[in-house]
Amino acid sequence: MKRTYTSLLSLDSGCVKLCGWVHRLRDHGGVIFLDLRDKDGLLQCIIEEALNPELYQAVRSLRSEYVICVKGQIRKRPEGTQNPRLKTGDLELVVENLEVLNKCETLPFQIDDSSPISEELRLKFRYLDLRRESSKNALIFRHKLSQSIRNFLINEGFIEIETPLLTRSTPEGARDFVVPSRLNPGKFYALAQSPQLFKQTLMIAGFDRYFQFARCLRDEDLRADRQPEFTQVDIEMAFIDEEDIIDLIERMLSLAFSELLNIELKRPFDRISYEDALLTYGSDKPDRRYGLEIADITSILKDTSLQVFANAIKDGGVIRALNVKASLSRSQIEQLIEFTKSLGSSGLAWLKVEGQKLTSPIAKFITKEQADSILRTLKSSDGDTILIFAGPKDLAIKVMGALRSHLIKELKLKAEGFDVLWVVDFPLLEFDPLQNRFVALHHPFTSPKESDIELLSSNLENASRIRARAYDIVLNGYEIGGGSIRIHRRELQELMFKALGMKEEEYLEKFGFLLDALSFGAPPHGGIALGLDRLCAIMLGLDSIRDVIAFPKTQKGICPFTSAPGDISASHMKELYIKSIAPSAHLS
RNA sequence: GGAGCCGUAGUUCAGCUCGGUCAGAACGCCGGCCUGUCAAGCCGGAGGUCGCGGGUUCAAGUCCCGUCGGCUCCGCCA
């Protein structure tokens, strides 16, 4: 007899065979209820002593998570004993035959969602953890999300192509994981940080529309939303511009939200410039659901009599304000001021709105007109507390942004739903004082806006004003994707490398293959990469991408299941022409 | 590299602030009873090097120092 699944049963299933795990046993003496769990769900099986004493004894000796195969008749449960919480709650299986396929040791934790289990233990026994509804469902959701995206892209005419994981290390970007080459002593591969150059090459090869669910590897410190290996939905198109990519992704995500969550995202998605994002939210990946917008009130206070503000303006700085939309106590305000001081601020001014009046140590320095203007700009009402920073612009962004996130946490503000937006108009380059040179904000293959190219070719005096043809997509305060229109002409790419401080010799050595490819009829092209792990976690309302990865690593990069990374033998190392200089290196 | 929180039966936690009935609860596990439960119920039992090391003290789960591990964050990283 062919086995079936709990999800396929009905009143007229008749005699069936089911395989699975003993989820729970309820022994009433004379009758035992056994909940059988398979990949789809639970089914109550019943065994009566009076009907089959031998079978009854066999079932009595079963334990949690034994692997069994049962045969018997499906029947309707007696009136009043149905369980509406089970999909099979109207049915039960009268067991006629039991086969024990495997036993199970006493479990390190129970296979249910009734009590929390430490993540450390869950990951060590991941195969048990994944038997639990919530853990299993996260992976099933991820599968459905991947399928939705894959189907959409295939329908749009995209070709799925795999690219190498073993590639070469390139400057810029994250730290590489490195693999010694046995066949090339002393040489190393780098594991791909992303398929960036390969997908551009595919455009040059004429593939027009490419996608891939690409594994990416980066040797950087971990976070709740960062693992050393993760998955990108990698997309590239030729003969397109920003609007094509943006439209494609908006349709793709709308479909996924609709199919999986039954939520209709409002299209087109909002767009905000990088500069506005930094001003209004102090972040290039804002979560707008909390409000708490930052406002620039420099111009309102340009004639202020308050020395601190006047000095800030005189030194070319700004004055920015945040309406907390709550009445904070003096000690709360003091704590916030201390917090901002730890970020390099010299302090904060504050105003409280009480009965259409401002109460504050600085209130007497603010004219009626200034006060009205500030209250209007910050949409303030009675009981609000307004925090004000005056100082250099960069510090203002940092302090107000950190203050905003801090307040969201401290005031335990709750946000629901999904806030999706594009961040656009990124600068192409950013000056790095440590290296004393410009670095690419996105990556070195991002095209500058046509009108700004001349700023790149001149003496780089105004290089930080060059805007990039780049776009990020942000969901609930997480960057879930980013992309750009690429440089497709060799001359421009060389110009870019030079702007990044590379000598011709150097970029030819490291990127000669790309420059050559660009010189053989490279079409204009661009693309995007979406972080599948993040997208999936946010859609499920989970705090960590570890919950949507089957076998994630801990914060120290250790796999609790296999204990990787581990030692390798001396002979193994010799074969690879490498030596360890780690103090704890342990040769076996 | 830095900051914070956490580590006590198999599990989830209480006990730590004020050192001395502080080895405790619930669930799980083992045994028994029980014919309609479904997180079954009732009775009984086993189970802990309080992460590890050092110090203070007559006495440390509790105080101090160090260390290891997990998590969150900064730096780092699309």
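Residues numbered from 1 in each chain as written. Chains lettered and ligands numbered in written order. Predicted model: local features only at pLDDT ≥ 70, side-chain atom pairs only at ≥ 80, totals over all residues. Heavy atoms only, no water.

> Any chance you could explain the packing of aromatic side chains here in plain terms?
To describe a pair of aromatic rings, one takes the distance between the centres and the angle between the planes. Applying the stated rule across the entire model yields 12 aromatic pairs. On the numbers, 6.2 Å between centres and 75 degrees between planes, the contact of phenylalanine 125 with tyrosine 127 is edge-to-face. Both rings, one in phenylalanine 257 and one in phenylalanine 418, keep their centres 5.0 Å apart while their planes meet at 80 degrees; by these two values the pair is edge-to-face. Of the two residues, phenylalanine 257 sits in helix α6 (residues 242-261) while phenylalanine 418 sits in the loop between α11 (393-410) and β18 (420-424), which places them 161 residues apart along the sequence. Judged by its relative accessible area of 1%, phenylalanine 257 is buried. Looking at phenylalanine 418, the relative accessible area reads 26%, which means it is partly exposed. Put simply, the rings of Phe125, Tyr127, Phe551 and Phe561 pair up and form one aromatic cluster. In this structure, lysine 39 is placed above the aromatic ring of tyrosine 5, and the distance from its NZ or CZ to the ring centre is 4.6 Å. (Phe/Tyr/Trp six-rings, centres within 6.5 Å; stacked < 30°, edge-to-face > 60°. Helix = DSSP H or I, 4+ residues; strand = E, 2+ residues; numbered from the N terminus. Buried < 20%, exposed > 50% of the residue type's maximum accessible area, 1.4 Å probe, protein only. Lys NZ or Arg CZ within 6 Å of the ring centre and 35° of its normal.)

> When you look at the protein's contact with RNA strand B in this model, what are you seeing that I'm missing?
As a matter of local geometry, RNA strand B sits amid 48 residues, with Arg24, Thr81, Glu92, Arg218 and Glu220 nearest to it. Of what RNA strand B places within 4 Å of the protein, 55% of the atoms are sugar or phosphate. Here a sugar or linking oxygen of RNA strand B sits 3.0 Å away from a polar atom, N or O, in the side chain of glutamine 110. Separating a phosphate oxygen of RNA strand B from a side-chain N or O atom of arginine 546 is a distance of 2.8 Å. (Near = heavy atom within 4 Å. Polar contact = N/O pair within 3.5 Å; in protein donor to acceptor, adjacent residues only side chain to side chain.)

> Any chance you could explain the domain arrangement of chain A here in plain terms?
A common measure of how large an interface is: the accessible area buried when the components associate. According to the domain assignment, chain A consists of domain 1 (8-102), domain 2 (136-271 + 420-426 + 468-488 + 523-571) and domain 3 (288-410). Taking only C-alpha atoms, the centre of domain 1 and the centre of domain 2 are 44 Å apart. (Domains from an automatic or database assignment.)

> Explain the environment of valine 67 to me, please; I cannot follow it from the model alone.
Residue position: valine 67 is located in strand β4 (residues 67-76). Beyond its immediate stretch of four places on either side in the chain, valine 67 contacts Gly20, Trp21, Glu99, Val100, Leu101 and Asn102. (Contact = heavy atoms within 4.5 Å.)

> So what exactly am I meant to see when it comes to unusual backbone geometry here?
Across residues other than glycine, the phi torsion is negative in most instances, and most of the peptide bonds are trans. For the peptide bond that leads from arginine 267 to proline 268, omega is -10 degrees, which places it in the cis range. Of the consecutive residues alanine 564 and proline 565, the connecting peptide bond is found in the cis state with omega at 0 degrees. By the element assignment, proline 565 lies in the loop between α15 (532-539) and α16 (570-575). Phi at phenylalanine 239 takes a positive value of approximately 60 degrees, unusual for a residue other than glycine. Structurally, phenylalanine 239 is set in the loop between β11 (229-238) and α6. Positive phi is not limited to glycine here, since lysine 379 has a value of about 45 degrees. Within the secondary structure, lysine 379 is located in the loop between α10 (368-377) and β17 (385-391). Residue class for lysine 379 comes out exposed when judged on its relative accessible area of 64%.

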